[in-house]
There are 2 protein chains.
Amino acid sequence: MIVRFFFDFISPYAYLAWQKIHAVVEPEGGRVQPVPVLFAALLDAHGTLGPAEVPAKRRYLIKDVSRRAAMEGVAIDAPFAHPFNPLLMLRVASLPAAAQQRRRLIDGLFRATWAERRDVTDPAVVGALAAEAGLPEALKEAQAPDAKARLRQQTEQAIALGVFGVPTAELGGELFWGTDSLILLERHLTGQDKVPKDLAQRWESLPRQAERRK
Amino acid sequence: MIVRFFFDFISPYAYLAWQKIHAVVEPEGGRVQPVPVLFAALLDAHGTLGPAEVPAKRRYLIKDVSRRAAMEGVAIDAPFAHPFNPLLMLRVASLPAAAQQRRRLIDGLFRATWAERRDVTDPAVVGALAAEAGLPEALKEAQAPDAKARLRQQTEQAIALGVFGVPTAELGGELFWGTDSLILLERHLTGQDKVPKDLAQRWESLPRQAERRK
């Protein structure tokens, strides 16, 4: 049983969820398959704004992330810049690699971004972290056209599945968005997720009685 | 100590949070002050889309709300329509009333919307629920200009505080958005909320290194 974990390094919530998801999935006999995606492309596809693009949400997000990190006991710091361009990290993290190497690489990149305040758009920083994870050729490989195409495909696949934000965990088409949904994923994995099918169907077919004027 | 609870009946998350917030605030010696606001006006003010306005989010929301209601043991059903016009309910719930009456009224309106599938835009339905809460004149009073102005003022006050979504709990300018943040409110009330001030400051003053093209 494979739980896909769609994420972008740009998201501190993805960083928080990454610290926990293996402990949710592996005890149930599952495996986490991390899938880097470009969050900005999800926003474009759904016509939405990211939280950092709405000033009141950005101010809120900073406190919320700090509080959740403190609650979870996860080290966090302000990043070196925000937003920043995550493409190089996303492409490196998408290269073919053994599961343990990829996990170590993603660990290192997340920590560099969200706990160590490093400039993770700097190829030297990303290349060094890849080498530490046992992938010394990663920086070169990430420049190849197929590496760029792979990230695009992953992002398009996420959009096709209905993923609109990161982090999102997915199993059998069921989506679990945000760090707060790991508890729902856990309930799903342990058979406690009993949403009546007809409830969702009834709800989807509701009449719309009021729309905002645009 | 008064915790303001900004909400709109349109939001099933506000319904879920309403079932829990008194149990979070009252044991700490606090009191919940419910403040109805027009969610659509918050969206307008911040230039954002509501979750029901983004198709992928709307599909996700239905399942997410159902799962969270099941986890919390809260009865929920699809509403009679969605979106619907919540103005009458919001104005009635904003009328001057004793705290216990207002609480009973809000209980009844939320239940009618999210558990009983009643047409809560129907003045007869809203009037009957107000009468059951001991406010037999509410329907008439809600049509008065000052009742309309009160809701507008409450909404403007929320926007000025930085509220961008519902439900939001507020204490001393600190915001707690969403049902998932009640645990953070609880930690705040019990003195476990130790976000380093300089972290938020450092984060707010970060350089922006990449922006999406609009």
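Residues numbered from 1 in each chain as written. Chains lettered and ligands numbered in written order. Predicted model: local features only at pLDDT ≥ 70, side-chain atom pairs only at ≥ 80, totals over all residues. Heavy atoms only, no water.

**So, the relation of the copies chain B and chain A**
Link 1 in the chain: Placing chain B over chain A gives an RMSD of 0.0 Å and needs a rotation angle of 180 degrees, together with 0.0 Å of translation along the axis. Given the turn and translation reported, the copies of this chain are related as if by a two-fold rotation axis. Using C-alpha coordinates, one finds that chain B approaches the rotation axis most closely at Asp180(B), a distance of 3.4 Å.
Link 2 in the chain: Looking at the interface residues of chain B, 100% of them are also at the interface in chain A, so both copies use one shared face. (Least-squares fit on C-alpha atoms with pLDDT ≥ 70 in both. Contact = heavy atoms within 4.5 Å.)

**Remarks on the pairing of strand 4 (residues 174–177) of chain A**
Residues in a regular strand point their side chains to alternate faces of the sheet.
Residues and elements named next belong to chain A.
Link 1 in the chain: In this sheet, strand 4 lies alongside strand 3 (residues 168–171) in antiparallel orientation, the contact comprising 4 bridges. Each bridged residue has a counterpart across the sheet, and for leucine 171 the counterpart in strand 4 is glutamate 174.
Link 2 in the chain: Count of turn residues in the strand 3/strand 4 antiparallel hairpin: 2 residues, of which glycine 172 carries a positive phi of about 55 degrees. (Pairing = 2+ DSSP bridges. Helix = DSSP H or I, 4+ residues; strand = E, 2+ residues; numbered from the N terminus.)

**Section: the confidence of the model for chain A**
Link 1 in the chain: Overall, the prediction assigns chain A a mean pLDDT of 94, with 99% of residues at 70 or greater.
Link 2 in the chain: Reported confidence for the predicted complex is 0.93 by ipTM and 0.95 by pTM. (pLDDT = per-residue confidence, 0-100.)

**Quick notes on the sheet that holds strand 3 (residues 168–171) of chain B**
Residues and elements named next belong to chain B.
Link 1 in the chain: Spatial ordering of the open sheet is given by 2-1-3-4, a layout of 4 strands whose pairing is mixed. The outermost strands of the open sheet, each flanked by one partner alone, are strand 2 (31–36) and strand 4 (174–177). Neighbouring strand axes in the sheet, compared pairwise and without regard to direction, differ in orientation by 25 degrees on average.
Link 2 in the chain: Direction of pairing for strand 1 (residues 2–7) relative to strand 3: antiparallel, over a ladder of 3 bridges. The residue bridging phenylalanine 5 from the neighbouring strand is alanine 169, located in strand 3.
Link 3 in the chain: Helix 1 (residues 12–25) rests against strand 1, strand 2 and strand 3 of the sheet, and its axis sits at about 175 degrees to strand 1.
Link 4 in the chain: Across the face of the sheet, helix 8 (residues 145–161) comes into contact with strand 1, strand 2, strand 3 and strand 4 while running at roughly 105 degrees to strand 1. (Axes fitted to C-alpha atoms, helices over the stretch in contact; angles between N-to-C directions.)

**Brief notes about the pattern of salt bridges**
Link 1 in the chain: The full count for this structure, using the stated rule, is 28 salt bridges over all chains.
Link 2 in the chain: Note that Asp64(A) and Arg68(A) form a salt bridge whose closest N and O atoms lie 3.1 Å from each other. On the criterion of helical spacing, the pair formed by Asp64(A) and Arg68(A) is a turn pair, its members being 4 residues apart in helix 3 (residues 55–72).
Link 3 in the chain: Here Asp64(A) falls in the buried class, since its relative accessible area comes to 5%.
Link 4 in the chain: For the salt bridge of Arg202(B) with Asp77(A), the shortest nitrogen-to-oxygen distance reads 2.3 Å. Taken as a pair, Arg202(B) in helix 10 (residues 197–204) and Asp77(A) in the loop between helix 3 and helix 4 (87–94) lie in two separate chains rather than in one.
Link 5 in the chain: Residue classification places Arg202(B) among the partly exposed residues on the basis of a relative accessible area of 29%.
Link 6 in the chain: Through salt bridges with shared partners, a single ionic network connects Lys63(A), Arg67(A), Glu174(B) and Asp193(B). (Salt bridge = Lys/Arg side-chain N within 4 Å of Asp/Glu carboxyl O. Buried < 20%, exposed > 50% of the residue type's maximum accessible area, 1.4 Å probe, protein only.)

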